[in-house]
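# Notes for the structure review
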Amino acid sequence: MEIGYCTLIRFGLIPGTYDPGSQIWSDWLYPFCVYGFGAVACVLVLFPVKNRLERHFGGRVAPLLASFARTRSRARSSSWPWASC
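Overview of the structure. Nothing here was measured: the structure is a model prediction, and the numbers come from that model.

Rules behind the numbers
- Residues numbered from 1 in each chain as written.
- Predicted model: local features only at pLDDT ≥ 70, side-chain atom pairs only at ≥ 80, totals over all residues.
- Heavy atoms only, no water.
- Helix = DSSP H or I, 4+ residues; strand = E, 2+ residues; numbered from the N terminus.
- Buried < 20%, exposed > 50% of the residue type's maximum accessible area, 1.4 Å probe, protein only.
- Contact = heavy atoms within 4.5 Å.
- Phe/Tyr/Trp six-rings, centres within 6.5 Å; stacked < 30°, edge-to-face > 60°.
- Lys NZ or Arg CZ within 6 Å of the ring centre and 35° of its normal.
- 1 Å grid on protein atoms, 1.4 Å probe; cavity = no way out; pocket = protein on both sides within 12 Å on 5 of 7 lines; lining within 4 Å.
- Points joined across faces, edges and corners; volume = space filled by probe spheres on them.
- Nonpolar A, V, L, I, M, F, W, Y, C, P; charged D, E, K, R; others polar.
- Salt bridge = Lys/Arg side-chain N within 4 Å of Asp/Glu carboxyl O.
- Patch = residues over 30% accessible without salt bridge, like charges linked within 9 Å, V, L, I, M, F, W, Y side chains within 5 Å.
- Areas by Shrake-Rupley, 256 points an atom, 1.4 Å probe, with all protein chains shown as cover.
- Expected span 1.5 Å × (residues − 1).
- Bend = angle between axes of the 7 residues up to and from the residue.

## Points about the overall build of the protein
Looking only at helices and strands, one finds 4 helices and 0 strands in the protein. Listing every helix and strand of the protein by position from the N terminus yields α-α-α-α. Of all 85 residues assigned to the protein, the portion counted as buried reaches 9%. Across the protein, contacts joining residues at least 24 apart in sequence account for 45% of those joining residues at least 6 apart.

The structure is reproduced here in structure tokens:
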């Protein structure tokens, strides 16, 4: 997934910084350790929060909309951190 994203940046299809010396081009398994930590965080933190919100709101649609609204408002107040590839 990372290599695909970096390729889109490389061809100028999405904004970002292209670095031909980046480790992603020489070692394709480089970022997967980070993805593992992210998956553990999702399972241990975000999944229980999602379940609690579903119980509180009584369904799946309302928590999804609340999460989208919160993320949208936080994204507007900060700059988007574009990746470097």
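Having seen the model, we can carry on.
## Remarks on the packing of aromatic side chains
Scanning all chains against the criterion turns up 1 aromatic pair. Ring geometry for Y18 versus W25: centroids 6.0 Å apart, planes at 65°, classification edge-to-face. The class for Y18 is partly exposed, based on a relative accessible area of 34%. Note that R10 overlies the ring of W25, its terminal NZ or CZ placed 5.6 Å from the centroid.

## What about the layout of surface pockets?
Roughly 220 Å³ of volume is contained in the largest pocket. Put simply, the parts of the chain that give the lining of the largest pocket at least two residues each are helix 3 (32-57) and helix 4 (61-77). Across the lining of the largest pocket, the residue classes break down as 7 nonpolar, 1 polar and 3 charged.

## Things to note about the pattern of salt bridges
When the charged atoms of two side chains with opposite charge come close together, those side chains can pair. If you walk through the whole model with that rule in mind, you get 2 salt bridges. With a closest N to O distance of 3.2 Å, E54 and K50 form a salt bridge. In this pair, E54 and K50 both sit in helix 3, 4 residues apart, roughly one turn of the helix. Since its relative accessible area comes to 34%, K50 is described here as partly exposed. The salt bridge involving R60 is made with E54; its shortest N-O contact spans 3.6 Å. Through salt bridges with shared partners, a single network forms among K50, E54 and R60.

## Comments concerning a nonpolar patch on the surface
A cluster of nonpolar side chains, namely V40, V43, L44, V45, L46, V49, L53 and F57, defines an oily patch on the protein surface of about 720 Å² accessible area. Assignment of secondary structure puts V45 in helix 3.

## A short note on helix 3
Helical geometry: 3.6 residues make up each α-helical turn, so side chains three or four residues apart lie on a common side. Here helix 3 is 26 residues long and its end C-alpha atoms lie 35 Å apart, about the 38 Å a rise of 1.5 Å per residue gives. Of all the bends in helix 3, the largest measures some 40° and sits at C42. G58, located one to two residues past helix 3, shows a positive phi value of around 75°.

These values are about where atoms sit, not about what they do.
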